[in-house]
Amino acid sequence: MNSFIEELKWRGLFADMMPGTDEQLNKEVTTAYIGFDPTADSLHIGSLIQIKILAHFQQHGHKPIALVGGATGMIGDPSGKSAERNLLDEETLLHYVDCLKNQLSKFLNFDGNEPNKAELVNNYDWMKNISFLDFAKNIGKNITVNYMMAKDSVKKRFSGEGGADGMSFTEFTYQLIQGYDFLHLYQNNNVKLQMGGSDQWGNITTGTELIRRKAQGEAFALTVPLITKADGSKFGKSESGENYWLDKKKTSPYKFYQFWLNATDEDAERFIKFYTFLGKEEIETLIEEHKTAPHERKLQKKLAEEVTVWVHGREEYEKALKASEILFGRSTAEDLVSLDEETFLEVFDGVPQKEVAKADVLGINIIDLLSEKSGFLKSKSEAQREIKGNAISVNKQKVNDTFTANESDLIDGKFLLLQKGKKSYFIVKVM
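First, a word on scope: everything that follows refers to the structure included in this document.

What counts, and where the lines are drawn
Residues numbered from 1 in each chain as written. Predicted model: local features only at pLDDT ≥ 70, side-chain atom pairs only at ≥ 80, totals over all residues. Heavy atoms only, no water. Helix = DSSP H or I, 4+ residues; strand = E, 2+ residues; numbered from the N terminus. Buried < 20%, exposed > 50% of the residue type's maximum accessible area, 1.4 Å probe, protein only. Contact = heavy atoms within 4.5 Å. Axes fitted to C-alpha atoms, helices over the stretch in contact; angles between N-to-C directions. Parallel < 35°, antiparallel > 145°, perpendicular 65-115°, else oblique. Salt bridge = Lys/Arg side-chain N within 4 Å of Asp/Glu carboxyl O. Pairing = 2+ DSSP bridges. Expected span 1.5 Å × (residues − 1). Right-handed = clockwise from strand over helix to strand, strands pointing away. Core = buried A, V, L, I, M, F, W, Y, C linked by side-chain atoms within 4.5 Å. Left-handed = near helix turned anticlockwise from the far one by under 90°.

1. Things to note about the overall build of the protein
Phase 1: Secondary structure summary: the protein contains 20 helices and 11 strands in total.
Phase 2: Looking at the protein as a whole, 50% of its 431 residues qualify as buried.
Phase 3: Counting only contacts in the protein whose residues sit at least 6 apart along the sequence, the fraction spanning at least 24 positions is 72%.

2. Observations concerning the packing of helix 3 (residues 48-59) against helix 15 (residues 298-312)
Phase 1: The interhelical angle for the contact between helix 3 and helix 15, taken along N-to-C directions, is 80°, at an axis separation of 13 Å. Classified by the angle their axes make, helix 3 and helix 15 are roughly perpendicular. Touching Leu48, Ile51 and Lys52 of helix 3 are Val307, Trp310 and Val311, all from helix 15.

3. Section: the pattern of salt bridges
Once their charged atoms are close, side chains differing in charge can pair, the charge on each being opposite to the other.
Phase 1: Following the criterion strictly, the structure yields 14 salt bridges and no others.
Phase 2: Across the pair glutamate 305 and arginine 314 runs a salt bridge, and its minimum N-O distance is 3.0 Å.
Phase 3: Taking relative accessible area as the criterion, glutamate 305 reaches 15% and is therefore assigned buried.
Phase 4: Residue class for arginine 314 comes out partly exposed when judged on its relative accessible area of 42%.

4. A word on the sheet that holds strand 4 (residues 119-122)
Phase 1: Spatial strand order, 1-6-5-2-3-4: six strands in an open sheet with mixed pairing. Only two strands of the sheet have a single partner each, and these edge strands are strand 1 (16-17) and strand 4.
Phase 2: Taken together, the three bridges between strand 2 (residues 31-36) and strand 5 (residues 191-197) define a ladder with parallel strand orientation. Paired with threonine 31 across the bridge in strand 5 is valine 191.

5. Quick look at helix 3
Phase 1: Helix length check: helix 3 (12 residues) gives 16 Å between terminal C-alpha atoms against 16 Å at 1.5 Å per residue, within 8%.
Phase 2: Summarising burial for helix 3: 11 of the 12 residues are buried, a large majority.
Phase 3: For helix 3, the complete set of buried residues consists of Leu48, Ile49, Gln50, Ile51, Lys52, Ile53, Leu54, Ala55, His56, Phe57 and Gln58.
Phase 4: With its phi angle positive at about 90°, glycine 61 sits one or two positions after the end of helix 3.

6. Regarding unusual backbone geometry
Phase 1: With a phi angle near 60°, asparagine 190 is a residue other than glycine that sits in the positive phi range.
Phase 2: As for its placement among the helices and strands, asparagine 190 is situated in the loop between helix 10 (174-189) and strand 5.
Phase 3: At arginine 297, a position not held by glycine, the phi torsion is positive, near 55°.
Phase 4: Of note, arginine 297 is situated in the loop between helix 14 (280-292) and helix 15.
Phase 5: Overall, the relative accessible area of 29% leaves arginine 297 in the partly exposed class.

7. Looking at the pairing of strand 2
Phase 1: Burial within strand 2 is extensive, with five of its six residues counted as buried.
Phase 2: Across six bridges, the pairing between strand 2 and strand 3 (residues 63-68) is parallel. Of the residues in strand 3, the one forming a bridge with phenylalanine 36 is valine 68.
Phase 3: As for the winding sense of the linkage, the β-α-β connection from strand 2 through helix 3 to strand 3 is right-handed.

8. Considerations on the side chain of glutamate 7
Phase 1: Here glutamate 7 lies in helix 1 (residues 3-11).
Phase 2: Residue glutamate 7 is classed as buried on the basis of its relative accessible area, which comes to 15%.
Phase 3: Those residues in contact with glutamate 7 that lie beyond four places of it in its chain are His56 and His60.

9. What to know about the sheet that holds strand 9 (residues 397-398)
Phase 1: With mixed pairing, the five strands of this open sheet are ordered in space as 7-11-10-8-9. Both edges of this open sheet fall to strand 7 (353-356) and strand 9, since each of them pairs with a single strand only.
Phase 2: Across the sheet, helix 19 (residues 366-373) is in contact with strand 7, strand 8 (392-394) and strand 10 (415-420); its angle to strand 10 comes to roughly 90°.

10. Overview of the nonpolar core
Phase 1: The biggest cluster of nonpolar side chains holds 72 residues, and the ones touching the most others in it are Leu48, Met195, Trp260, Tyr275 and Phe348.
Phase 2: Beyond its immediate stretch of four places on either side in the chain, tyrosine 275 contacts Leu48, Ile49, Lys52, Ile227, Phe235, Trp260, Val307 and Trp310.
Phase 3: Among the nonpolar cores identified, the runner-up in size contains 27 residues, and Leu67, Ile177, Val191 and Ala219 belong to it.

11. Side note on the packing of helix 10 against helix 11 (residues 201-215)
Phase 1: At a closest axis distance of 8 Å, the pairing of helix 10 and helix 11 adopts a crossing angle of 55°. The pairing of helix 10 with helix 11 is recorded here as oblique in orientation. In this structure, helix 10 crosses over helix 11, and the sense of that crossing is right-handed. Seen from helix 10, the contacting residues are Tyr174, Gln175, Gln178, Gly179, Tyr180, Phe182, Leu183, Tyr186 and Gln187; seen from helix 11, they are Gly202, Asn203, Ile204, Thr206, Gly207, Thr208, Leu210, Ile211, Lys214 and Ala215.

Okay, here's the thing in structure tokens:
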């Protein structure tokens, strides 16, 4: 078996492939592509598997192409959808295309003179000059409507499955346009393999059929499973339904890190194979160590580290780790003060806060600050009692009744974290 396919199989990332795919990969350096439609100005973690498949493909000596769908993005892929997607205007779409190109360039090796260096392509470049009549005459005549109707993505929409109310002609043409992408890349970039999620099988094989009929050539398909959590729920969204994005402006590295850290034991065991580049032996050792001491959460910590470093870099991971440890008291006041505003507010999400003038915070005795200045405690007598009982902390450090805050105590130059006991927090925002 080809080493790339073998790797996908032990990682649980193999769904299906066309006959002859294994032989093709063993025969020569093969060029393959995966498409990414620009539906937003960032990819989210639902795209990480596809990116990782291309990275594995390159590591095994083959040539990956990442296709950004400037053309297909105008239509919307019906696969797995029960309703038609809202169409984007051209300016927005082209902006999204540029954003995705920049993102994808971080994950694959595009440099050097190696025959398997990665490429980025945009299908709008070859679709923009094709007229509808030319497409209908030269491409449409090669694939029958019967063939297109037999695809699951089409059948489900026509049968009304999942609340679907049919499909427009626009979406119906999607598989033909994606098939033409494969044909174009086969003829111009020597692409012989298209990869994607298992819901893409119908679209991909339309391309292989078009290559057979139009170019009398042979091309191949390989798919990976769609990822869900162990309980069957959708992977990659928060409980409130928001996406976890790869752009740190949309999802902070801290929040991204927390997503992986909070994986269940069962999910962590699967995800560490799916989303990291760790070898088989190291992963199996980690799984065994985790089983003997699950409370240490070694598996989740390693998973969160590897994926955060891969997506955001070592420096952002270190910051996220520091921020995470603040909640558990394993950090210094310096660590807390060095947090940026966004990360600090995410760590202490939901904690009550109050804006207080700088003159009423800096240089003010802690008793007054806790009570009348901030309103955290009801009275000076309560503040004195809690201080005497060693229950008050400022920026996670215990203080006595002589403490006064100064400029260097401010988190990101504007916050002070007050605390009573282990769980009662209050944020003073210095104005």
